Amino acid sequence: MSGEILFLSHRMPFPPDRGDKIRSHHILRKLATLAPVHVATFADDERDIAEEVELAAVARSYRLVRRVKPLILAGIQALMRRQPVSIPAFSSGEIADYVAQVVAERPIGTIYVFSGQMGQFIPPGFKGRVIFDFVDVDSAKFEAYAERASGVKRWLFDREARLLSREEARLAERSDVSLLVSAEEAALFRARLPVELQASCDVRALRNGTDSRFFDPSLVTAAPAMAASTGPRLIFAGQMDYDPNVEAALRVIDRLLPDVQKTLPKATFHIVGRNPAEELVERHGQNGVFVWGGVEDIRTYLAAADLALIPLEIARGVQNKVLEAMAMALPVVVTSDAATGVGAQDGKHFMVADSDAELVERVTALLAHPRQGVALGLEARRFVSEQLSWQAALAPLAEMLSDDTGVARDAA
């Protein structure tokens, strides 16, 4: 490739402790091996700010802005401007000024945009390559939210889905390459574009990987607090203020765990992840439910578990929580949505079920026959280690950053 790279990300890529940050973290590190990288990104909290030294070690220059705009203000601005809420929520004069300065002063050949909120910062006159990593189809996610909501919330979700779909089409047309996290997500994205753009837009999959050398059960010991629970231990790990994760955890607590306990009375369910929603915290200590919140090393909690149960009913893209549990050689039971894009085989690398009764049957069967669970976990780890490394997943990036035509793209 020619020139340097400008990397725009809606969240600080450090620490890599949630799904989108894990992906942006590894992509940024890969890009930095290909050319000097300049980074514009937002910090959500003081923990992100504390990682600034890590960002400085990777980036040639950077601008890290603390995002403080209240969601209600972003919502009002979105209504006034007829925009998706995510655009004013991430607007920033400081980021816009930095981008303009970098493009003016540095030989930027490619802008890599991570997540739809950051498309607003692409300079109108930029002539280089634009690679847009949508990750997953946000508009489809909000359509799913709308279908499950009612009243004002249904109207708000439907509005966000409609406006995001329009914005996704605009950004896909502006970009040289549009990336999604799986072949399935890429096909969905392409199918939702206006007919006239479906053939002209270059839409590809750039899948997630996992670091099986880090997520290695032989490197850690089980977290003592969780291991102290007697009986089979089920785990769900993720960002626990994210609505689909909260719904999945409540599904286990209210609908699945009680039936598992009919067969295995001492079974417990452990929720691990940052910012657990209040309705989850309230259930801690009740009927075998434990809510641990954010932890220093998720591997120690996965090592303490007997099975990962991931019954997501709304899931977009590849779920890192599935890959990490598989890398830790845990038997994993997932819904079809949570399994999408992983490429693993039902019954060989994990168990797939969708109804409550099927999920309970898979869980109790694996827990009642530990050898079967161990074998499933070992096959899962072997699959992830051999097929889903970050090195293999991100290998196509170098080619994507090259413009073999030698013709500058007209700015949209």
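Conventions we followed
Residues numbered from 1 in each chain as written. Predicted model: local features only at pLDDT ≥ 70, side-chain atom pairs only at ≥ 80, totals over all residues. Heavy atoms only, no water. Buried < 20%, exposed > 50% of the residue type's maximum accessible area, 1.4 Å probe, protein only. Helix = DSSP H or I, 4+ residues; strand = E, 2+ residues; numbered from the N terminus. Contact = heavy atoms within 4.5 Å. Salt bridge = Lys/Arg side-chain N within 4 Å of Asp/Glu carboxyl O. Pairing = 2+ DSSP bridges. Axes fitted to C-alpha atoms, helices over the stretch in contact; angles between N-to-C directions. Polar contact = N/O pair within 3.5 Å; in protein donor to acceptor, adjacent residues only side chain to side chain.

(A) Inspection of helix H7 (residues 138-148) at higher detail. Judged by how many residues are buried, H7 sits mostly within the fold: eight of 11 residues are covered. Taken together, the buried positions of H7 are occupied by Asp138, Ser139, Ala140, Lys141, Phe142, Ala144, Tyr145 and Ala146. Packed against the buried residues of H7 are helix H8 (151-174), helix H9 (183-192) and helix H12 (243-263).

(B) Representation of the pattern of salt bridges within the structure. Following the criterion strictly, the structure yields 30 salt bridges and no others. The shortest N-O distance in the salt bridge between Arg47 and Asp17 comes to 3.2 Å. Linking Arg47 in helix H2 (residues 46-50) with Asp17 in the loop between strand E1 (4-9) and helix H1 (19-34), this pair joins segments that are 30 residues apart in sequence. Judged by its relative accessible area of 38%, Arg47 falls in the partly exposed class. Judged by relative accessible area, which is 26%, Asp17 ranks as partly exposed. A salt bridge links Asp356 to Arg251, with the nearest nitrogen and oxygen atoms 2.8 Å apart. Of this pair, Asp356 sits in helix H17 (residues 356-368) while Arg251 sits in helix H12, and the two are 105 residues apart along the sequence. Take Arg251: its relative accessible area is 4%, and that puts it in the buried class.

(C) Here's a closer look at unusual backbone geometry. Between Phe14 and the following residue, Pro15, the backbone shows a cis peptide bond with an omega angle of -15 degrees. Looking at the secondary structure, you find Pro15 in the loop between E1 and H1. For Ser115, which is not glycine, the phi torsion reads 90 degrees and is therefore positive. Relative to the helices and strands, Ser115 is located in the loop between strand E4 (108-114) and strand E5 (129-135). Taking the relative accessible area as the measure of exposure, Ser115 reaches 7% and is therefore buried. Non-glycine residue Val135 carries a positive phi angle of around 70 degrees. Take Val135: it is sitting in strand E5. Assessed through its relative accessible area of 14%, Val135 is described here as buried.

(D) Summary view of the sheet that holds E4. In space, the seven strands of this open sheet follow the order E3-E2-E1-E4-E5-E6-E7, with parallel pairing throughout. In this open sheet, the two strands that pair with only one neighbour each are strand E3 (61-66) and strand E7 (203-205). Each adjacent strand pair in this sheet contributes to an overall mean axis angle of 15 degrees, direction not counted. Sheet topology places strand E2 (residues 37-43) next to E3; six bridges connect them, and they run parallel. Its bridge partner being in E3, Thr41 is matched across the sheet by Leu64. Packed on one face of the sheet, H9 meets E5, strand E6 (177-180) and E7 and runs near 165 degrees to E7.

(E) Main features of the side chain of Thr364. Tracing the chain through its elements places Thr364 in helix H17. At a separation of 2.8 Å, a polar atom in the side chain of Thr364 contacts the main-chain carbonyl oxygen of Val360.

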